[in-house]
Amino acid sequence: MTRPDSTLPLLRSVRAKLLLVLAVLSLPLLVVSLIQFNNYRRDLDGQAATIARIETTAAAGSLFSWLEDHPSYVARADAIPPAEAQALYARLHRDTALDAETVIVVFDAQGKFLKNPTSSSPIPSASDFPAHAGREQWNDQVTRMTGMKRVEQFGWSVAVGVPVAENTTAGRSTFMLTATWALVLLASILLGV
């Protein structure tokens, strides 16, 4: 017959009880913080998608205005001199881009990319996008929240790429905070042992 005192001698020590309490309190905190981290990341992605939609609409309006002012370039995008292309991209960035890391590209009616002469802008890897903004990888291997809008009257399109959460300062600091929190919990459990 076993004595009840000898079945769990480890749980009788104060150190073991403190470790058990620490684990019981720490693990739910870790789980909750990871859930909150995931929710925060999704909220940042939602904000980036909203910004991409707004900036895409603004860029399409600005492109429409530019095309109305330059009707001779509508059918012959290859005839656009570099100075005019540069002025178009400067106008688009002035009218839309809130962030220096936001990328704007223009496609003519045939779907050809209109090069910005002042910078080597990346372009989206996919050529057709859904109506809503979504995560898309560009040819520079960077994933951006991307929106694309067609200027129906002229057949031209504009695509806007906004940095996704993990490529922003807020996203990186949230990841670092979560990693630090996890390390502190792990260290406190190890110290308890």
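Every chain's residues receive numbers from 1 upward, in the order its sequence appears when written. Under the rules for a predicted model, residues below a pLDDT of 70 receive no local features and side-chain atom pairs below 80 are neither given nor counted, while totals for whole chains, interfaces and linings still include all residues. The side-chain figures draw on all heavy atoms in the structure; neither hydrogens nor water molecules are used.

### Examining the packing of helix H2 (residues 14-69) against helix H3 (residues 82-95)
We apply this condition: Lines fitted to C-alpha atoms define the axes, with helix axes restricted to the stretch in contact, and inter-axis angles between N-to-C directions lie between 0 and 180 degrees. Strands here are runs of E lasting at least two residues and helices are runs of H or I lasting at least four, both read from the DSSP assignment and numbered beginning at the N terminus. Should the near helix be turned counterclockwise from the far one by less than a right angle, the crossing is left-handed, whereas a clockwise turn marks it as right-handed. A contact between two residues is defined here by any heavy atoms of the two lying within 4.5 Å. Asp, Glu, Lys and Arg are counted as charged, while Ala, Val, Leu, Ile, Met, Phe, Trp, Tyr, Cys and Pro are counted as nonpolar; the rest, among them Gly, fall into the polar class.
Running from N to C, H2 and H3 cross one another at 145°; their axes reach a closest spacing of 9 Å. Classified by chirality, the crossing of H3 by H2 is right-handed. Residue-level inspection shows Ala-58, Ala-59, Ser-62, Leu-63, Ser-65, Trp-66 and Asp-69 of H2 in contact with H3, the latter providing Glu-84, Leu-88, Arg-91, Leu-92 and Asp-95. Partitioned by chemical class, the residues of the contact of H2 with H3 number 6 nonpolar, 2 polar and 4 charged.

### Observations regarding unusual backbone geometry
Worth spelling out the cut-off: Only protein chains enter the accessibility calculation, which uses a 1.4 Å probe; a residue is then buried when its area is under 20% of its type maximum, exposed when over 50%, and partly exposed in between.
One non-glycine residue, Gln-141, lies in positive phi territory at about 65°. For Gln-141, a relative accessible area of 59% puts it in the exposed group.

### A short note on the pairing of strand E5 (residues 156-163)
Two faces belong to every sheet, and in a regular strand the side chains alternate between them. Definition in use: Two strands are said to pair when DSSP picks up at least two bridges between them.
Of all 8 residues in E5, 8 are buried; the element is thus mostly enclosed. Where strand E1 (residues 103-107) meets E5, 5 bridges bridge the pair, whose relative direction is antiparallel. Bridge pairing links Phe-107 to Ser-157 in E5. Two strands pair when backbone bridges link them, and strand E4 (residues 143-151) and E5 are joined in this way by 8 bridges, in the antiparallel orientation. Within E5, the position partnered with Met-148 by the bridge is Ala-159. Taken together, E4 and the strand that follows it, E5, pair antiparallel across an intervening segment of 4 residues, in which Gly-155 is found at a positive phi of about 85°.

### Overview of the sheet that holds E1
Pairing within the open sheet is antiparallel, and its 5 strands lie in the order E2-E1-E5-E4-E3. Only two strands of the sheet have a single neighbouring strand rather than two, namely strand E2 (113-114) and strand E3 (134-137). Of the strands in this sheet, E1 and E2 touch H3, which is tilted by about 130° from E1.

### Quick look at the pattern of salt bridges
Note the cut-off: Between Lys or Arg on one side and Asp or Glu on the other, a salt bridge is scored when a side-chain nitrogen of the former is within 4 Å of a carboxyl oxygen of the latter.
One pass over the full model with this rule turns up 5 salt bridges. Where Asp-45 meets Arg-135, a salt bridge forms, and the shortest distance between an N and an O atom there is 2.9 Å. Of this pair, Asp-45 sits in helix H2 while Arg-135 sits in strand E3, placing them 90 residues apart in sequence.

Bear in mind that shape data such as this cannot, by itself, settle questions of function.
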